[in-house]
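Results of the structural survey
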Amino acid sequence: QVQLVESGGGLVQAGGSLRLSCAASGRTFSRYTMGWFRQAPGKEREFVAGITYGSGTYYADSVKGRFTISRDNAKTAVYLQMNSLKPADTAVYYCAACDRRPLATAQWEYDYWGQGTQVTVSS
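Just so we're clear, the structure is a prediction, and the values are computed from it rather than from any experiment.

Focus: unusual backbone geometry
Even without being a glycine, Ser 55 presents a positive backbone phi close to 70 degrees. The residue Ser 55 is located in the loop between strand E5 (46-51) and strand E6 (57-59) in this model. The residue Leu 103 is not glycine, and still its phi comes out positive at about 60 degrees. Relative to the assigned elements, Leu 103 resides in the loop between strand E9 (91-99) and strand E10 (112-113). Owing to a relative accessible area of 58%, Leu 103 belongs among the exposed residues under this scheme.

Notes on the pattern of salt bridges
Following the criterion strictly, the structure yields 5 salt bridges and no others. With its nearest N and O atoms 2.8 Å apart, the salt bridge here joins Glu 46 to Arg 38. On the accessibility criterion, Glu 46 (37% relative accessible area) is partly exposed. Across the pair Asp 89 and Arg 66 runs a salt bridge, and its minimum N-O distance is 2.8 Å. Note that Asp 89 is positioned in the loop between strand E8 (77-82) and E9 and Arg 66 in the loop between E6 and strand E7 (67-72), a separation of 23 residues in sequence. Judged by relative accessible area, which is 1%, Asp 89 ranks as buried. Given the relative accessible area of 11%, Arg 66 is considered buried.

Scoring rules and cut-offs
- Residues numbered from 1 in each chain as written.
- Predicted model: local features only at pLDDT ≥ 70, side-chain atom pairs only at ≥ 80, totals over all residues.
- Heavy atoms only, no water.
- Helix = DSSP H or I, 4+ residues; strand = E, 2+ residues; numbered from the N terminus.
- Buried < 20%, exposed > 50% of the residue type's maximum accessible area, 1.4 Å probe, protein only.
- Salt bridge = Lys/Arg side-chain N within 4 Å of Asp/Glu carboxyl O.

So, in structure tokens, the structure goes:
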């Protein structure tokens, strides 16, 4: 069983940066692919970034070059560094864990979810 808690969301002006953190309580954190998703009001939850057990990373085209996902297995944590933020990035951001599924981008592939943290980017 894995429990995930996000933090680091907030209000930032366009062009600014935020760093989201996700703390995991599971004992087998290192075997999971970790992902970040986001959901804006009235829209479906969408994939943002993923990182495999081997620390391979992959991103949605909309954030590629601006966001960086990383993990620290010793701290059982995953991070999302968000730079050059745009108002379109405004959403609730969710951390998720996928058990032994590399390159997972769909919601159904992920087994555990955090409660989300709000990111608001003003123009």
